[in-house]
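# Residue-level structure breakdown
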Amino acid sequence: MREIKKDIRSTADYKRGRTNNDKKKRSDNDFSNPKYKYSVEFQKRVGIRRAELEKLTGDDLVIDESGHFCVRVKCGKGGKKQLQRILPQDYEFVRTYFEGKQANERIFGANELNNRQSYHTLRAMNAQRCYKYYLEVISTEEGRENLI
């Protein structure tokens, strides 16, 4: 092992997960680009993975056993099924994406998600919004009782 020469690595050299990697900023990696507004605004409120977004169909907006609106993920990471709960203030906005869609009709076309957007960043932003919302809810006794 002493005879094998290895390069010294530094975390500054890592490229994955960085937004620009010291390159020119790309327009298809910009959340403010109006071309991608449709998918970005949805993802800010739902927060699911890119592959899960691609598979969403018109019948994937459901109400769970507690009466909350959820987006159904039929085949998520590792083949898991889940219901992604939507915050009450986002119900109407998310519902507009599903209105008028047939049960097997995709919510997003292939062209809408064919970009370099960091949907994982939007997923993290959504998680932070949810944490803050539920922290406010559980801070009151009435909120804790109604949370279920």
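Here the structure is a predicted model, which is why all the values come from computation and not from measurement.

Rules used throughout
- Residues numbered from 1 in each chain as written.
- Predicted model: local features only at pLDDT ≥ 70, side-chain atom pairs only at ≥ 80, totals over all residues.
- Heavy atoms only, no water.
- Helix = DSSP H or I, 4+ residues; strand = E, 2+ residues; numbered from the N terminus.
- Buried < 20%, exposed > 50% of the residue type's maximum accessible area, 1.4 Å probe, protein only.
- Contact = heavy atoms within 4.5 Å.
- Phe/Tyr/Trp six-rings, centres within 6.5 Å; stacked < 30°, edge-to-face > 60°.
- Core = buried A, V, L, I, M, F, W, Y, C linked by side-chain atoms within 4.5 Å.

## Comments concerning the overall build of the protein chain
Looking only at helices and strands, the protein chain features five helices and three strands. N-terminal to C-terminal, the α/β element order of the protein chain is α-α-β-β-β-α-α-α. Residues classed as buried in the protein chain amount to 30% of the 148 residues present. Within the protein chain, contacts between residues separated by at least 24 positions form 60% of all contacts whose residues are at least 6 apart in sequence.

## Looking at the packing of aromatic side chains
According to the stated counting rule, one finds nine aromatic pairs in the structure shown. Both rings, one in Tyr-97 and one in Phe-108, keep their centres 6.1 Å apart while their planes meet at 50°; by these two values the pair is tilted. Here Phe-108 lies in the loop between helix H3 (91-98) and helix H4 (119-138) and Tyr-97 lies in helix H3, a separation of eleven residues in the sequence. Residue classification places Phe-108 among the buried positions, given a relative accessible area of 3%.

## Digging into the nonpolar core
Within the largest apolar cluster, 20 residues are counted, with the highest numbers of intra-cluster contacts made by Phe-42, Leu-53, Leu-56, Val-71, Val-94, Phe-98 and Phe-108. Counting residues per element, this core draws most heavily on H3, at four residues.

## Some details on helix H1 (residues 37-46)
Taking burial as the measure, the ten residues of H1 include seven buried ones, the bulk of the element. For H1, every residue scored as buried is listed here: Ser-39, Val-40, Glu-41, Phe-42, Gln-43, Arg-45 and Val-46. Residues of H1 that are buried sit in contact with helix H2 (50-55), strand S2 (69-73), strand S3 (82-85), H3 and H4.

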